[in-house]
Structure formats: structure tokens, C-alpha cells
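Tertiary structure, described
The primary structure of each chain is shown beneath.
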Amino acid sequence: MGRYSKLYVGIPVYNELPYLRLMLDSLKAQTIKDVTFFISDNDSSDGSWEFITNYCKDDARFVFFRHETNIGATPNFEFIFNESNCHYFIWMGAHDYISPGFFQAAVECLDRHEDISLVSGQPFKFIGNGEPVLMEDAIYNFTAKRLGRYLQSVRTLDNCTIVYSVFRKSALNGFEFRKTISNDHIMLSRLLWMGRLHYLEGEFYYRRYFESERAQTQSQRITGSECYLSRHDMILYYLDDLGSLFDGDPRILRYLENEVISALQHRFGIQTLSVNDEIVFGRELL
């Protein structure tokens, strides 16, 4: 770790053994040269670490790290990002795969267009060995205007597959990674504040979905432990990050904050305004 590459690909891993070969083969097939594939294993117990280090030991583009304990998904995502030394960055799911020219095309696009912040492959989903299907609900048409684009993301972001996009690392300077529900929403809204989203033609991101729920709970995945996660904390996260981004008339900031609160309340319910998500109005629990 520490070496510079124009692009860093961060792959957090936790017990992904059945899916690793497909993912790693798609990385090995990438046409880009100036790249580091940084794999951070979250103390897997199923042989994932041993398979990865053996399968990729002869490819100098790969860098490996293993945590001594499971620190949770969000801290592992943050660790990978902070340890990367690059101009462009992308996270990739350890059970997903990509088309061979995706990274090269994404870097060339960002090199050409300073107003673009995120570059995504065409988003496809698949289950098991099934045929990939285009995820139309993961394709967004955000406005070119910064404030409109930001508020549009708060109101409409649902399928967050675009979190697996190549972006300028500097766009997340000063960003605070928090262990909250939907933390990827806040990060994507911030990246969209910084610039436009672009989908590549002819390059693809294939995201694996599972037929049944995975063993870990949402709290375990995010934090590495069992604890209560509140939508209220997500709202505060949005407001704090917006405050760090906006540098203008405080009256406009208050307007934007009210729009964010209204949008999230409309999407997730009035109870999101409460610390414990259980506000009682009169005799009814809303």
C-alpha cells in the first residue's frame, strides 16, 4: 500500500469465496495499465483470504491487506479509500464483475470532462448463474444544475448501484464516513454536488443479487456489531455534509436543509425525525 496509481480499485471482502474467481478474472482482464487492485479482507473465515492471495500472487497490480477482526463494512470501505494513493478511485463488490474495458474507458472520460464527477458502467443485475438483466431503476437522469442535481438525488436515489462508479478521489476530500443506514446515499449526493454522472456505452457493471437474505444483519454489515441504526441519524448525516459543502448565503442553506428534511421525511416517514424512530402523535404511532 502507499504506491501511486492513477486508478485504485478498492475491493472489500468478507466470506465471498464462491464468487471470487469470477470477480478476480474480470479484474485481471482489464485493459488499463496504471491501476492498483486493493483488496481488504475483513477477517474472512471461509478461505477467501487464502484463495485471493494465492490466485493473484503473480499479478503485481494486486495489493492485499487483512484485518485481524471484522471491523464492519463501512469502516472497511473507509480504510480502503484512505489507504489509496491515486487520482481516480472506485469501490467494487467482491461478488460482482465488470466488462474488460470499463476502467480504461472511465479514466479516459474523466480525463476529458472536468464537469463529470462519476462514471458508471451500464448497470446489470444477475442471480447465481442467471443471465444479467439491465437495471433500469439504477439509471438516473440528473439535471446539469448543481443544486437541482443534489436535491434530485436526495429525493430519488434508491438503487445505489452507481456507488460502484469511478470518481475523482478529491471529490471526497473532507468527507466523514459514518456508520448509518443508507450512508451510500449521502456519499453519492456529495459526489453529485461535485459534478455530473455519466454512463459509459458498451461497458458494464454486473451486480450480483442473492435469492435469500445473507447471514449478516444490516447493523452487522455496517458496523461489525449489533446496534440500533436510526433514520434520524441519516438525516443528520445529510444535513452535516450539506453544511460542509455549501459556502453561500445562510438563508439559501436553510432552504436547502428544509428541502432535504422534507424529502427524506416524505420518503421514509415522519418517524425519521425522532432519535428512536418512534414518534407518537396523539394516540397514533405514525
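Here is what the cut-offs are and how they apply
- Residues numbered from 1 in each chain as written.
- Predicted model: local features only at pLDDT ≥ 70, side-chain atom pairs only at ≥ 80, totals over all residues.
- Heavy atoms only, no water.
- Helix = DSSP H or I, 4+ residues; strand = E, 2+ residues; numbered from the N terminus.
- Buried < 20%, exposed > 50% of the residue type's maximum accessible area, 1.4 Å probe, protein only.
- Areas by Shrake-Rupley, 256 points an atom, 1.4 Å probe, with all protein chains shown as cover.
- Phe/Tyr/Trp six-rings, centres within 6.5 Å; stacked < 30°, edge-to-face > 60°.
- pLDDT = per-residue confidence, 0-100.
- Contact = heavy atoms within 4.5 Å.
- Axes fitted to C-alpha atoms, helices over the stretch in contact; angles between N-to-C directions.
- Parallel < 35°, antiparallel > 145°, perpendicular 65-115°, else oblique.
- Left-handed = near helix turned anticlockwise from the far one by under 90°.
- Nonpolar A, V, L, I, M, F, W, Y, C, P; charged D, E, K, R; others polar.
- Right-handed = clockwise from strand over helix to strand, strands pointing away.
- Pairing = 2+ DSSP bridges.
- Lys, Arg positive; Asp, Glu negative; His and termini not counted.
- Salt bridge = Lys/Arg side-chain N within 4 Å of Asp/Glu carboxyl O.
- Polar contact = N/O pair within 3.5 Å; in protein donor to acceptor, adjacent residues only side chain to side chain.

Considering the overall build of the protein chain
- Each helix and strand in the protein chain was counted, giving nine helices and eleven strands.
- Burial status across the protein chain gives 50% buried among its 286 residues.
- Per element, the accessible surface of the protein chain, about 13700 Å² overall, is 49% carbon and sulfur.

What about the packing of aromatic side chains?
- Here the structure, examined in full by the defined rule, presents 29 aromatic pairs.
- Pairing Tyr 97 with Phe 126 gives two aromatic rings, centres 5.3 Å apart and planes at 70 degrees, and the pair type is edge-to-face. Of this pair, Tyr 97 sits in strand β5 (residues 97-98) while Phe 126 sits in strand β6 (residues 116-127), and the two are 29 residues apart along the sequence.
- Assessed through its relative accessible area of 18%, Tyr 97 is described here as buried.

Concerning the confidence of the model for the protein chain
- With 89% of its residues at a pLDDT of 70 or more, the protein chain shows a mean pLDDT of 91.
- Note on residues 279-286: pLDDT under 50 across the span, and twelve contacts to partners over four residues away in sequence or across chains.

Some thoughts on the packing of helix α5 (residues 146-156) against helix α6 (residues 183-194)
- The N-to-C vectors of α5 and α6 enclose an angle of 165 degrees; their axes lie 8 Å apart at closest approach. Put simply, α5 runs roughly antiparallel to α6. The hand of the α5/α6 crossing is right-handed. Counted together, Arg 146, Leu 147, Arg 149, Tyr 150, Ser 153 and Val 154 of α5 and Ser 189, Arg 190, Leu 192, Trp 193 and Met 194 of α6 form the full contact between these two elements.
- Grouping the constituent residues of the contact of α5 with α6 by class yields six nonpolar, two polar and three charged.

Observations concerning the pairing of strand β2 (residues 35-41)
- Counting buried residues in β2 gives seven out of seven residues, a clear majority hidden from the surface.
- The alternating pattern of β2 places Val 35, Phe 37, Ile 39 and Asp 41 and Thr 36, Phe 38 and Ser 40 on opposite faces, both of which are buried.
- In the classification by handedness, the crossover that spans strand β1 (residues 5-13), the intervening helix α1 (residues 20-28) and the parallel β2 is right-handed.
- Note: β2 against strand β3 (residues 62-66), five bridges, orientation parallel. Residue Asp 41 lies in a different strand from β3, and its bridge partner there is Arg 66.
- Handedness of the crossover is the feature at issue here: the chain leaves β2, passes through helix α2 (residues 48-55), returns alongside β3, and the resulting connection is right-handed.

Some thoughts on the side chain of Glu 203
- Relative to the assigned elements, Glu 203 resides in strand β9 (residues 196-209).
- No salt bridge forms around the buried Glu 203; measuring N to O, its nearest opposite-charge neighbour Arg 112 is 11 Å away.
- A distance of 3.3 Å separates the side chain of Glu 203 from the backbone nitrogen of Gly 101, its partner in a polar contact.
- Glu 203 has contacts with Ser 99, Pro 100, Gly 101, Phe 102, Ala 105, Gly 121 and Gln 122, leaving out every residue within four places of it along the chain.

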